[in-house]
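Commentary on secondary and tertiary structure
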Amino acid sequence: MRGGGLLVAGTTSDAGKSVVTAGICRWLVRQGVKVAPFKGQNMSLNSFVTREGAEIGRAQAMQAQAARVEPTALMNPVLLKPGSDRSSQVVLMGRPVGELSARGYHGGRQKELFEPVLACLEELRGTYDAVICEGAGSPAEINLRRTDIVNMGIARAAKLPVVVVGDIDRGGVFAQFFGTTALLSPEDQSLVAGYLVNKFRGDVTLLEPGLDMLHGLTGRRTFGVLPYAHGLGIDEEDGLRVSLRGTVRESVVAPPVGADVLRVAVCAVPLMSNFTDVDALAAEPGVVVRFVDRPEELVDADLVVVPGTRGTVRALAWLRERGLADALVRRAAEGRPVLGICGGFQALGERIEDEVESKAGVVDGLGLLPVRVRFGVEKTLARPVGEALGERVEGYEIHHGVAEVLGGDAFLDGCRVGSVWGTHWHGSLESDGFRRAFLREVAAAAGRRFVPAPDTSFGALREEQLDRLGDLIEEHADTDALLRLIEEGAPKGLPFVPPGAP
């Protein structure tokens, strides 16, 4: 099998396309199939830097790990990073090429990107036995079909069979499956092979009559019913879709090693990027991570994290409006731990000069670190390796801000003053030895009798999670049928479901 493929579409955003794609990749690689993930166009503030210095969506990097291959820009040639409700930075083949409004992108630029996207897919198909593609949103966005380069547009061009995933936990999944199919043109419908139910709770025999009726209505089968799985902790793609206040990152079900737990509060700043940085903290037994947006929620926190953001100046204004800025200043004065990452690090500094991102000019930071930041047109994309707290650290950098560190103690590429730390490095907390050393420092400063577990391996936990995804596919999907789709394409003679595309 060389060049086989499948498109995993969804009835809605957040239906489970990313995890299903990852699960199929892990299942296939365990069968000895050389497989790669692909998403032609991704909209996400959670991104990653590949070894060749290209920026791609974190979901595709996670899927590459599921496939046990090195992530590359070919796997996500177009990445859109929202900067407001109406505009996004366009990243092409891992490099930013400009800012566009939604109207400007869908009005013409997106069509220009179709050939490069298709070329990337074909290159992957020429290299791998199978390429598992992920769609975006829903393939039945009839207002966007003309310029689509990620759902049925790419499926038609590459002759890919399509499986549609629906989240039954939200309700209405039968209507979603039927409506998604019925709003597609006859040509598009001919590639929709069937459906995959995600997040089912209960007795599957109660669902089967509905699946039979769906088959009768559409002529398409359901390839599996995946049960609801708790604690997967897999990278979200487009950000948390519910209110962040009070949202707790899922962590391992294990008691603390020491006498106390450690409470981590993450400021839910606007345009928050790479909030997956705190997943490694949540993986530690006895560490509770939650997102907050009120100053009173910092009172009992042992560590406050100001995370990355696509809008540092906007985040600063938000921190001040909410009273969180004053709370952070008080914490620093009291010697209570604060960590700023990327945009959060910039916000903790003395001054920001921004004629690029916000075009706000000179803006005062919180003044907690002796750092001045100037935004440049060129984006820094790097995979640095260094040492901090006596431990080796790996990370990745994605930022326009250039930091001038004027004092304090060296900390990765940033600095530390007392119990306030700042760095541009994302992913540093995934380095196990460094994370444990950092948490020991935090516990000491917070006066907590917290002891990091000596054997927690974030990499091993991530592998276990990816194996669980592979198990879901292997145990609850018709893998023989999926393999036939990947090798042979959509079945011939699939019936048309009226009315079709308007």
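Residues numbered from 1 in each chain as written. Predicted model: local features only at pLDDT ≥ 70, side-chain atom pairs only at ≥ 80, totals over all residues. Heavy atoms only, no water.

Some remarks on the side chain of Gln465
Relative to the elements of secondary structure, Gln465 occurs in helix H14 (residues 458-476). Residue Gln465 is classed as buried on the basis of its relative accessible area, which comes to 16%. A distance of 3.1 Å separates the side chain of Gln465 from the side chain of Arg462, its partner in a polar contact. (Helix = DSSP H or I, 4+ residues; strand = E, 2+ residues; numbered from the N terminus. Buried < 20%, exposed > 50% of the residue type's maximum accessible area, 1.4 Å probe, protein only. Polar contact = N/O pair within 3.5 Å; in protein donor to acceptor, adjacent residues only side chain to side chain.)

Details of the packing of helix H2 (residues 58-66) against H14
The N-to-C vectors of H2 and H14 enclose an angle of 80°; their axes lie 10 Å apart at closest approach. As the angle between them shows, H2 and H14 are arranged roughly perpendicular. Every residue of H14 that contacts H2 at Arg58, Met62, Gln65 and Ala66 is listed here: Arg462, Glu463 and Leu466. Taken together, the residues that form the contact of H2 with H14 break down as three nonpolar, one polar and three charged. (Axes fitted to C-alpha atoms, helices over the stretch in contact; angles between N-to-C directions. Parallel < 35°, antiparallel > 145°, perpendicular 65-115°, else oblique. Contact = heavy atoms within 4.5 Å. Nonpolar A, V, L, I, M, F, W, Y, C, P; charged D, E, K, R; others polar.)

So, the pairing of strand E8 (residues 95-101)
Relative to E8, strand E7 (residues 87-92) runs antiparallel, the two sharing six bridges. Residue pairing across strands places Val91 opposite Pro96, the latter belonging to E8. Counting the residues in the hairpin turn of E7 and E8 gives two residues, including Met93, whose phi is positive at 50°. (Pairing = 2+ DSSP bridges.)

Some thoughts on the environment of Leu339
Tracing the backbone through its elements, the reader meets Leu339 in strand E18 (residues 338-341). Spatially, the C-alpha atom of Leu339 lies 43 Å from that of Ala140, the residues being 199 residues apart in sequence. Setting aside its immediate chain neighbours within four residues, Leu339 contacts Leu303, Val304, Val305, Val306, Leu348, Phe411, Trp421, Leu429 and Phe438.

Describing the packing of aromatic side chains
The full count for this structure, using the stated rule, is six aromatic pairs. Pairing Trp421 with Phe438 gives two aromatic rings, centres 4.9 Å apart and planes at 70°, and the pair type is edge-to-face. Residue Trp421 is located in strand E27 (residues 420-423), and its partner Phe438 is located in helix H13 (residues 432-446); the two are separated by 17 residues in the primary sequence. When sorted by exposure, Trp421 lands in the same class as Phe438, which is buried. Ring geometry for Phe434 and Phe438: centres 6.2 Å apart, planes at 25°, overall stacked. Of this pair, Phe434 and Phe438 both sit in helix H13, four residues apart, roughly one helical turn. No difference in accessibility class separates Phe434 from Phe438, as the two residues are buried. Taken together, the aromatic side chains of Phe411, Trp421, Phe434 and Phe438 make up a single cluster linked through ring pairs. Cation over ring: Lys34 sits above Tyr128, and NZ or CZ is 5.2 Å from the ring centre. Positioned above the aromatic ring of Tyr228 is the side chain of Arg201, whose terminal nitrogen or guanidinium carbon lies 3.7 Å from the ring centre. (Phe/Tyr/Trp six-rings, centres within 6.5 Å; stacked < 30°, edge-to-face > 60°. Lys NZ or Arg CZ within 6 Å of the ring centre and 35° of its normal.)

Some thoughts on the pairing of strand E1 (residues 4-10)
Burial within E1 is extensive, with seven of its seven residues counted as buried. Residues Gly4, Leu6, Val8 and Gly10 of E1 are buried on one face, and the alternating residues Gly5, Leu7 and Ala9, pointing to the opposite face, are buried as well. One ladder, built from five bridges, connects E1 with strand E9 (residues 130-134); its direction is parallel. Pairing of Gly5 across the sheet is with Val131, part of E9. Strand direction decides the pairing type here: E1 and strand E10 (residues 162-167), joined by four bridges, are parallel. Along E10, the bridge assignment pairs Gly10 with Val165.

Observations regarding helix H15 (residues 479-488)
Taken together, the buried positions of H15 are occupied by Thr479, Ala481, Leu482, Leu485 and Ile486. Viewed along the axis of H15, the buried residues span an arc of 160°, placing them on a single side of the element. Facing away from the buried side of H15 by over 90 degrees, the exposed positions are Asp480 and Glu488. Two residues or fewer after H15 comes Gly489, characterised by a positive phi angle close to 90°. (Arc of directions from axis to C-beta.)

Remarks on the state of the cysteines
Overall, the coordinates contain zero disulfides when judged by the stated rule. Here Cys25 stays free of any disulfide, with the sulfur of Cys133 as its closest cysteine sulfur at 9.4 Å. For Cys25, a relative accessible area of 0% puts it in the buried group. The closest cysteine sulfur to the non-disulfide-bonded Cys342 is located on Cys415, 15 Å from its own sulfur. (Disulfide = S-S within 2.5 Å.)

Things to note about the sheet that holds strand E25 (residues 409-411)
Judged by pairing direction, the sheet is mixed, and its seven strands sit side by side in the order E15-E13-E16-E18-E27-E26-E25 without closing on themselves. One side of each edge strand has no neighbouring strand; the edge strands of this open sheet are strand E15 (287-292) and E25. When strand polarity is set aside, the average angle formed by the axes of neighbouring strands in this sheet is 20°. Sheet topology note: the strand E13 (residues 262-267)/strand E16 (residues 303-306) ladder contains three bridges and is parallel.

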